[in-house]
Amino acid sequence: MCDPATTNVPTPQRVSGRVVDGNGAGVADATVTVESGTAATPEIAIVTGADGSFTVALPEGTFRLGARTRDGRDGKVDLSLPATGALVIVIRRS
Amino acid sequence: MANLRSVRSPVLSQEAVPASSGIRKVFPGKSGTAPERGPNRAVESLIVKGKCGPLQPRRRVSLGSVITESIIGVDNRTRVLETDLTPWRMICALRIVAPLGTFLGTGFLAGPATVITAGHCVYDRVQMGGWATRIEVTPGLNGSQQSFPMMSATTFSTVTDWVDSRDADLDYGAIHLPEAAGATNGYFTTASVTDSDLQDTRVNICGYPGDRGNGVEQWFHQNRVLVATPRRVFYDVDTAGGQSGSPVWMYPDGGSEPVVIGIHAYGIGATPASLNITANSSPRITDDVLEQIVQWSLDDASRFAVTTPPEPTPCVIPQPPTCQPLSV
């Protein structure tokens with residue numbers, strides 16, 4: 001078998017964001033996940049708050065986040081860390 | 001040697017669980033008292049057993065320099081609807097309330113009153129702000145259908161290697177239930193198996209992803225173990241965010257008893273480049289991890305008037321017959 005390959009998950013940076021609809025209104029109770037990335041991220045999902053806000057912890061790297069509303073609409077955003085500026089995921093119209 | 005010292009919210013520290021060496025051990029599960037209506041079509045059509053040669057064929061997708069995180073190629077997951085039946089009813093949707101927000105995960109019943117999950121579902125200093133404050137646990141949740149009641153848990157455990165070092169190999173924990181749901185639903189057999197048992201073994205993974213159903217639908221996939229290191233199992237099975245804590249199970253003797261050998265926790269990004277594979281992964285249930293799971297389960301069961309099986313003993317799991325190579 002292979003040599004031991006222990007990985008300590010790198011300490012991430014907290015990034016704040018918001019899921020909004022096409023009119024800019026926050027989308028509550030949407031689910032945000034890391035769909036792709038260049039570094040290790042635990043496979044947990046994040047639920048947005050009443051105003052569509054969320055906080056995701058990511059290590060340095062490039063990522064794509066996906067958001068899904070309760071009625072099945074979705075949106076995506078790409079980001080690179082270290083990050084600057086607000087993160088917004090716009091839900092596509094159904 | 002890992003020092004698997006359990007830490008518990010809100011009380012810290014238990015004695016370190018001594019690690020044993022290379023002996024195959026099984027902590028038997030138990031069927032629940034809830035009736036099983038038949039037939040179990042999901043089991044008949046979805047689960048895989050035994051060992052095989054070539055992987056199921058995949059079309060791999062690369063988005064420039066960014067590789068899809070944990071859906072490997074085309075999404076091959078299938079929704080499970082019979083979540084009132086075994087083993088699906090032993091898999092739990094988790095809604096995790098923590099200082100820095102609300103999160104979704106998965107866990108599985110491993111004792112009468114114990115759910116095992118990923119460590120980062122009960123404690124994560126950066127993502128959650130520390131310990132979860134409350135986890136809503138719903139076994140066998142199926143969209144708007146709730147065959148079994150939701151339980152609100154406030155006591156959790158993990159190990160110091162996760163808390164202090166964010167060690168992905170030891171990213172596992174427990175939810176201590178306020179009710180003995182495992183007595184009703186049943187609970188999984190968990191086992192520490194050998195490298196030979198895991199080599200080329202077909203594994204099954206089922207949980208509650210956020211990208212399908214927003215954490216209230218059970219989604220399943222299966223494929224083969226690619227690599228098993230001393231403390232982690234790597235496999236070509238599709239998963240997504242929200243499935244952290246999903247049971248990774250096999251059928252070592254080709255029989256009907258599912259045996260959990262890992263606790264799903266990571267997508268492709270956590271697979272070391274030195275392995276030269278594209279795979280998702282789980283902390284492996286080794287002897288010392290199994291002993292910790294057993295201790296949690298026995299402690300929790302003692303709070304209720306339920307019987308538990310004896311502590312694990314060495315046992316021999318017969319080698320399954322070699323199956324026919326998959327057609328490509």
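Residues numbered from 1 in each chain as written. Chains lettered and ligands numbered in written order. Predicted model: local features only at pLDDT ≥ 70, side-chain atom pairs only at ≥ 80, totals over all residues. Heavy atoms only, no water.

Draft legend 1. Inspection of the overall build of chain B at higher detail. When you go through chain B residue by residue, the secondary structure sums to 5 helices and 24 strands. Burial status across chain B gives 62% buried among its 328 residues. Within chain B, counting contacts between residues at least 6 apart in sequence, those at least 24 apart form 74% of the total. Carbon and sulfur atoms provide 53% of the accessible area of chain B, an area that totals close to 11500 Å². (Helix = DSSP H or I, 4+ residues; strand = E, 2+ residues; numbered from the N terminus. Buried < 20%, exposed > 50% of the residue type's maximum accessible area, 1.4 Å probe, protein only. Contact = heavy atoms within 4.5 Å. Areas by Shrake-Rupley, 256 points an atom, 1.4 Å probe, with all protein chains shown as cover.)

Draft legend 2. Geometry of the packing of aromatic side chains. All names here are of chain B. Enumeration according to the criterion identifies 7 aromatic pairs over all chains in this entry. Ring centres of Trp88 and Trp249 lie 5.9 Å apart, and the angle between their planes is 65 degrees; on these two criteria the pair is classed as edge-to-face. Taken as a pair, Trp88 in the loop between strand S6 (78-80) and strand S7 (91-98) and Trp249 in strand S21 (residues 247-250) lie far apart in primary sequence, 161 residues in all. When its relative accessible area of 0% is taken as the criterion, Trp249 is described as buried. Taken together, a centroid distance of 5.7 Å and an interplanar angle of 45 degrees make the contact between Phe188 and Trp249 tilted. Of this pair, Phe188 sits in the loop between strand S16 (186-187) and strand S17 (189-192) while Trp249 sits in strand S21; the two residues are 61 residues apart in sequence, bridging distant segments of the chain. What links up through ring pairs into an aromatic cluster is the set Trp88, Phe108, Phe188, Phe220 and Trp249. The ring of Tyr251 carries the charged tip of Lys49 above its face, separated from the ring centre by 5.0 Å. The ring centre of Trp219 lies 4.3 Å from the NZ or CZ of Arg212, which sits over that ring. (Phe/Tyr/Trp six-rings, centres within 6.5 Å; stacked < 30°, edge-to-face > 60°. Lys NZ or Arg CZ within 6 Å of the ring centre and 35° of its normal.)

Draft legend 3. Main features of the pairing of strand S20 (residues 232-235) of chain B. Residue and element names in this part refer to chain B. Here S20 shows no split at all, with Arg232 and Phe234 on one side and Val233 and Tyr235 on the other all buried. Where strand S19 (residues 218-228) meets S20, 3 bridges bridge the pair, whose relative direction is antiparallel. Looking at the pairing, Val225 lines up with Tyr235 of S20. Here S19 folds back onto S20, and the loop between the two strands holds 3 residues. In this structure, S20 lies alongside strand S23 (residues 280-283), joined through 4 bridges in antiparallel fashion. Paired with Arg232 across the two strands is Pro283, which belongs to S23. (Pairing = 2+ DSSP bridges.)

Draft legend 4. Inspection of unusual backbone geometry at higher detail. Leu81 of chain A connects to Pro82 of chain A through a cis peptide bond whose omega is 10 degrees. The residue Pro82 of chain A is located in the loop between strand S6 (74-81) and strand S7 (87-90) in this model. Geometrically, the link from Thr86 of chain B to Pro87 of chain B is a cis peptide bond, its omega value of 0 degrees lying close to zero. Along the chain, Pro87 of chain B turns up in the loop between S6 and S7. With a phi angle near 65 degrees, Asp200 of chain B is a residue other than glycine that sits in the positive phi range.

Draft legend 5. Structural context of the sheet that holds S7 of chain A. All names here are of chain A. The 3 strands lie next to each other as S4-S1-S7, forming an open sheet whose pairing is mixed. What marks the edges here is a single partner per strand, and that holds for strand S4 (53-58) and S7. Neighbour to neighbour, the strand axes of the sheet diverge by 35 degrees on average, direction disregarded. Looking at chain direction, strand S1 (residues 13-20) and S4 are connected through 6 bridges and run antiparallel. Note that in S4 the partner of Arg14 across the bridge is Ala57. (Axes fitted to C-alpha atoms, helices over the stretch in contact; angles between N-to-C directions.)

Draft legend 6. Region of interest: the nonpolar core. In terms of nonpolar packing, the biggest core is built from 87 residues, with Leu65 of chain A together with Trp88, Ile175 and Trp249 of chain B touching the most fellow members. The next biggest cluster of nonpolar side chains, apart from the first, holds 15 residues, and it includes Ala228, Val237, Val259 and Ile261 of chain B. (Core = buried A, V, L, I, M, F, W, Y, C linked by side-chain atoms within 4.5 Å.)

Draft legend 7. Region of the structure containing the interface of chain A and chain B. Contact with chain A, which involves 39 residues of that partner, is made by 51 residues of chain B. Interface of chain A and chain B: buried area, both sides summed, is about 3600 Å²; carbon and sulfur atoms make up 55% of it. The salt bridge partner of Arg95 of chain B is Asp29 of chain A, with a shortest N-O separation of 3.1 Å. Applying the counting criterion to the chain A and chain B interface returns 17 residue pairs in polar contact (both at pLDDT 80 or more). Of all the elements in the fold, those that place two or more residues in the side of chain A that touches chain B are strand S2 (31-37), strand S3 (45-47), S4 and strand S5 (61-68) of chain A. Split by residue class, the side of chain A that touches chain B holds 18 nonpolar, 13 polar and 8 charged. Strand direction decides the pairing type here: S3 of chain A and strand S8 (residues 101-111) of chain B, joined by 3 bridges, are antiparallel. Note on S8 of chain B: the bridge partner recorded for Ile46 of chain A is Phe103 of chain B. (Buried area = accessible area lost by both parts, 1.4 Å probe. Salt bridge = Lys/Arg side-chain N within 4 Å of Asp/Glu carboxyl O. Polar contact = N/O pair within 3.5 Å; in protein donor to acceptor, adjacent residues only side chain to side chain. Nonpolar A, V, L, I, M, F, W, Y, C, P; charged D, E, K, R; others polar.)

Function-wise, these values are silent; they only describe arrangement.
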